[in-house]
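Below are the chains, spelled out letter by letter.
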Amino acid sequence: AVDVVLGGAGPALALTRPPGHHATPYESMGFCIFCNAAAAAKHALESGAERVSILDFDVHHGNGIQDCVAGDERIRFLSLHQGDAYP
């Protein structure tokens, strides 16, 4: 999806299962092995994007995405989730 957008072919959307939003840089968690959203965001930045937004909507907070992108001002992360749910 990143290569489609940056290649000028138009907008793209990646719907992934499992979402990977619980995998941190150092630990798999909640059935998530890789943090797909963070990997895609970093690939986009390395390929020339100036900034990236990640919207994660799920019952659970996207703790892995948050950990993976923390401190990178070029990435905006929004998690919409049910309160008081894992993790």
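Scroll up to find the structure this text is about.
First things first, this report covers the structure right here in the doc. Every value quoted in this text rests on a predicted model; they were computed, and no experiment measured them. (Residues numbered from 1 in each chain as written. Predicted model: local features only at pLDDT ≥ 70, side-chain atom pairs only at ≥ 80, totals over all residues. Heavy atoms only, no water.)

Here strand β1 (residues 52-57) shows a clear split, with Val52, Ile54 and Asp56 buried on one side and none of Ser53, Leu55 and Phe57 buried on the other. Handedness of the β-α-β unit built from β1, helix α3 (residues 63-69) and strand β2 (residues 75-80) comes out right-handed. (Buried < 20%, exposed > 50% of the residue type's maximum accessible area, 1.4 Å probe, protein only. Helix = DSSP H or I, 4+ residues; strand = E, 2+ residues; numbered from the N terminus. Right-handed = clockwise from strand over helix to strand, strands pointing away.)

This brings us to the environment of Thr24. Among the structural elements, Thr24 can be located in the loop between α1 (2-6) and α2 (36-46). The spacing of Thr24 and Ala38 is 14 residues in sequence and 9.6 Å in space, taken between C-alpha atoms. If sequence neighbours within four positions are ignored, Thr24 has contacts with Met29, Asn63, Gly64, Asp67 and Cys68. (Contact = heavy atoms within 4.5 Å.)

Here Asp56 shows up in strand β1. A polar contact of 2.8 Å, which involves the side chain of Asp56, links it to the side chain of His21. Setting aside residues no more than four positions away along its own chain, Asp56 makes contact with His21, His61, Gly62, Ile65, Phe77, Leu78, Ser79 and Leu80. (Polar contact = N/O pair within 3.5 Å; in protein donor to acceptor, adjacent residues only side chain to side chain.)

Right, let's get into the environment of Thr16. The topology assignment puts Thr16 in the loop between α1 and α2. Residues Thr16 and Ala37 lie 21 residues apart in sequence; the distance between their C-alpha atoms is 8.9 Å.

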